[in-house]
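# Geometric and topological summary
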Amino acid sequence: MANTSSAKKMVRKIARRTAINKTRRSRMRTFVKKVELAIAAGNADEARNALRAAESEVMTAVSKGVIHKNTGARKVSRLSARVKSMTA
């Protein structure tokens with residue numbers, strides 16, 4: 001357990017930050033899941049719209065430091081390739 005006042009404050013700050021990051025990560029996963037469900041349903045128009053929203057959400061998570069830049073780029077790249085293969 002934290003002994004100093006600064007350590008106690010850091011525990012509180014970390015708890016707040018963890019809750020915020022958890023929310024952002026969950027939101028990002030929800031948007032990615034919407035794209036995957038549209039792909040599974042075979043709905044190309046819905047998949048393209050969902051991809052546009054998911055890409056924005058993933059890059060927001062990257063800019064906020066929730067996930068690494070390369071991880072975000074990889075997720076978007078794989079999703080867009082799957083959506084592109086639907087129309088081709």
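Structure: above.
Quick caveat, the model's predicted, so the values are computed rather than measured.

## Notes on the overall build of the protein
- Each helix and strand counted, the protein has three helices and zero strands in total.
- Taken from N to C terminus, the helices and strands of the protein fall in the order α-α-α.
- Here the C-alpha radius of gyration of the protein, 17 Å, is well above what a compact globule of 88 residues would show, namely 12 Å.
- For the protein, the C-alpha atoms occupy an extent of roughly 60 × 20 × 15 Å along the three principal directions.
- For the protein, the residues scored as buried account for 25% of the 88 residues in total.
- Pairs at least 24 residues apart make up 57% of the contacts formed inside the protein by residues separated by at least 6 positions.
- Carbon and sulfur atoms make up 52% of the accessible area of the protein, which totals about 6400 Å².
- Of the side chains in the protein, 22 bear a positive and 5 a negative charge, and the two mean positions are spaced by 16 Å.

## Some details on the nonpolar core
- Core analysis: the biggest nonpolar cluster contains 18 residues, and Val 35, Val 58, Ile 67 and Val 83 have the highest contact counts within it.
- Secondary-structure elements contributing two or more residues to this core are α1 (5–41), α2 (44–63) and α3 (69–87).
- The element best represented in this core is α2, accounting for seven residues.
- Other than its neighbours up to four places away in sequence, Val 35 contacts Ala 47, Ala 50, Leu 51, Ala 54, Leu 79 and Val 83.

## Observations concerning the packing of α2 against α3
- Orientation of α2 relative to α3, taken along the N-to-C sense of each, is 175 degrees, at an axis distance of 10 Å. In terms of orientation, α2 lies roughly antiparallel with respect to α3. Residues Ala 44, Ala 47, Arg 48, Leu 51, Glu 55, Val 58, Met 59 and Val 62 of α2 form the contact with α3, whose own contacting residues are Lys 69, Gly 72, Ala 73, Val 76, Leu 79, Ser 80, Val 83, Met 86 and Thr 87.

## Notes on the environment of Ile 20
- Along the polypeptide, Ile 20 turns up in helix α1.
- Taking C-alpha positions, Ile 20 is 9.4 Å from Val 66, a pair spaced 46 residues apart along the chain.

## Focus on the side chain of Glu 57
- Structurally, Glu 57 is set in helix α2.
- Engagement of the side chain of Glu 57 in a polar contact is seen with the side chain of Arg 27, the distance being 2.8 Å.
- Ignoring any residue separated from it by four or fewer positions in sequence, one finds Glu 57 in contact with Arg 27, Met 28 and Phe 31.

Parameters and conventions
- Residues numbered from 1 in each chain as written.
- Predicted model: local features only at pLDDT ≥ 70, side-chain atom pairs only at ≥ 80, totals over all residues.
- Heavy atoms only, no water.
- Helix = DSSP H or I, 4+ residues; strand = E, 2+ residues; numbered from the N terminus.
- Rg over C-alpha atoms; globule rule 2.2 N^0.38 Å.
- Buried < 20%, exposed > 50% of the residue type's maximum accessible area, 1.4 Å probe, protein only.
- Contact = heavy atoms within 4.5 Å.
- Areas by Shrake-Rupley, 256 points an atom, 1.4 Å probe, with all protein chains shown as cover.
- Lys, Arg positive; Asp, Glu negative; His and termini not counted.
- Charge placed at Lys NZ, Arg CZ, Asp CG, Glu CD.
- Core = buried A, V, L, I, M, F, W, Y, C linked by side-chain atoms within 4.5 Å.
- Axes fitted to C-alpha atoms, helices over the stretch in contact; angles between N-to-C directions.
- Parallel < 35°, antiparallel > 145°, perpendicular 65-115°, else oblique.
- Polar contact = N/O pair within 3.5 Å; in protein donor to acceptor, adjacent residues only side chain to side chain.

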